[in-house]
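As a plain string of letters, each chain reads:
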Amino acid sequence: MLTHIPKTVVYLRALTVLDLSYNFITHLPTELLYLQNLEELTLDGNKDLISPPLDVVRKGITDIMSSLAARYNRQDLWKDWLDVPGQQKIMATLFQLCISCILHNKVEFITPSYIPPVIKSHLSDCVKEQEKLILVCKCSVCFRYFSNKCHFDIHHCKK
């Protein structure tokens, strides 16, 4: 059973049919966009699929590819923010405040106007060690915040 689609799928440019039914795939890589001859993509039975959402997948390959294209074209608005002198110290203080609030209120999900809940796990082991490892991303399309690049890369924008 597959849990992900290898990025090497880009080398199968002549592929016209791809059946990935009944696996444990959680997200489709944007590399599928390189399969320009792909006419049929079957994903039945992948109940853990997050991105694109199942309602998009059910609409067919055109909508799937549109969703992947939208994900491919978005940018992290905070990508270069930490390169500004002094920002890392400010960011560490903000993270500590956010983590304290999250832990104190036992919040499981935070709306886009707040820092995402995944940060809670980043600092639970050792605050000092983790401050340097946290990477916050902000989507240029839906303006949601993500505590790591992986979640940013696979998320589906909700407007």
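How each quantity is defined
Residues numbered from 1 in each chain as written. Predicted model: local features only at pLDDT ≥ 70, side-chain atom pairs only at ≥ 80, totals over all residues. Heavy atoms only, no water. Helix = DSSP H or I, 4+ residues; strand = E, 2+ residues; numbered from the N terminus. Contact = heavy atoms within 4.5 Å. Areas by Shrake-Rupley, 256 points an atom, 1.4 Å probe, with all protein chains shown as cover. Patch = residues over 30% accessible without salt bridge, like charges linked within 9 Å, V, L, I, M, F, W, Y side chains within 5 Å. Salt bridge = Lys/Arg side-chain N within 4 Å of Asp/Glu carboxyl O. Lys, Arg positive; Asp, Glu negative; His and termini not counted. Charge placed at Lys NZ, Arg CZ, Asp CG, Glu CD. Buried < 20%, exposed > 50% of the residue type's maximum accessible area, 1.4 Å probe, protein only. Core = buried A, V, L, I, M, F, W, Y, C linked by side-chain atoms within 4.5 Å. Polar contact = N/O pair within 3.5 Å; in protein donor to acceptor, adjacent residues only side chain to side chain.

Caption draft 1: Fine view of the overall build of the protein chain. Helix and strand content of the protein chain: six helices and four strands. For the protein chain, the N- to C-terminal ordering of α and β elements is β-β-α-α-α-α-α-β-β-α. Residue pairs at least 24 apart in sequence account for 40% of intrachain contacts in the protein chain once pairs closer than 6 positions are excluded. Counting every atom, the protein chain has about 10300 Å² of accessible surface; 57% of that belongs to carbon and sulfur.

Caption draft 2: Just the side chain of Arg 71, in detail. Residue placement: Arg 71 occurs in helix 2 (residues 61-73). Once residues lying within four places of it in the same chain are set aside, the contact partners of Arg 71 are Leu 28, Pro 29, Thr 30, Ser 51, Pro 52, Asp 153, Ile 154 and His 155.

Caption draft 3: Expanded view of a negative patch on the surface. A cluster of acidic residues, Asp 19, Glu 39, Glu 40 and Asp 44, forms a negative patch on the protein surface. For Asp 44, a relative accessible area of 48% puts it in the partly exposed group.

Caption draft 4: Seen up close, the nonpolar core. In terms of nonpolar packing, the biggest core is built from 17 residues, with Leu 28, Leu 32, Leu 41 and Leu 43 touching the most fellow members. Broken down by element, this core gets its largest block of residues, four residues, from helix 2. The residues contacting Leu 43, other than those within four sequence positions of it, are Leu 20, Ser 21, Leu 28, Leu 49, Val 57 and Ile 64. Counting six residues, the second largest nonpolar core, distinct from the first, contains Cys 137, Cys 142, Phe 152 and Cys 157.

Caption draft 5: Molecular detail of the pattern of salt bridges. If you walk through the whole model with that rule in mind, you get one salt bridge. Close ionic contact of Lys 7 with Glu 31 constitutes a salt bridge, the shortest N to O distance being 3.6 Å. Within this pair, whereas Lys 7 is found in the segment before strand 1 (17-19), its partner Glu 31 is found in the loop between strand 1 and strand 2 (40-42), the two being separated by 24 residues in sequence. Judged by relative accessible area, Lys 7 falls into the exposed class, the value being 56%.

Caption draft 6: View of the environment of Thr 42. Mapped onto the fold, Thr 42 is located in strand 2. Once the C-alpha coordinates of Thr 42 and Val 17 are considered, the two residues, 25 residues apart in sequence, prove to be 8.2 Å apart. Setting aside residues up to four positions removed in sequence, Thr 42 forms contacts with Leu 18, Asp 19, Leu 20 and Ser 21.

Caption draft 7: Structural context of the side chain of Asn 23. Here Asn 23 lies in the loop between strand 1 and strand 2. In this structure the side chain of Asn 23 is engaged in a polar contact, spanning 2.9 Å, whose partner is the backbone oxygen of Leu 20. Apart from residues lying up to four places away in sequence, Asn 23 is in contact with Met 1, Leu 2, Gly 45 and Asn 46.

Caption draft 8: Up close: the environment of Ser 147. Structurally, Ser 147 is set in the loop between strand 4 (145-146) and helix 6 (149-154). Exposure remark for Ser 147: the relative accessible area of 2% places this residue in the buried category. The spatial distance from the C-alpha of Ser 147 to the C-alpha of Val 136 is 4.6 Å, given a sequence separation of 11 residues.

Take it as geometry only, folks, not as evidence of what the structure does.
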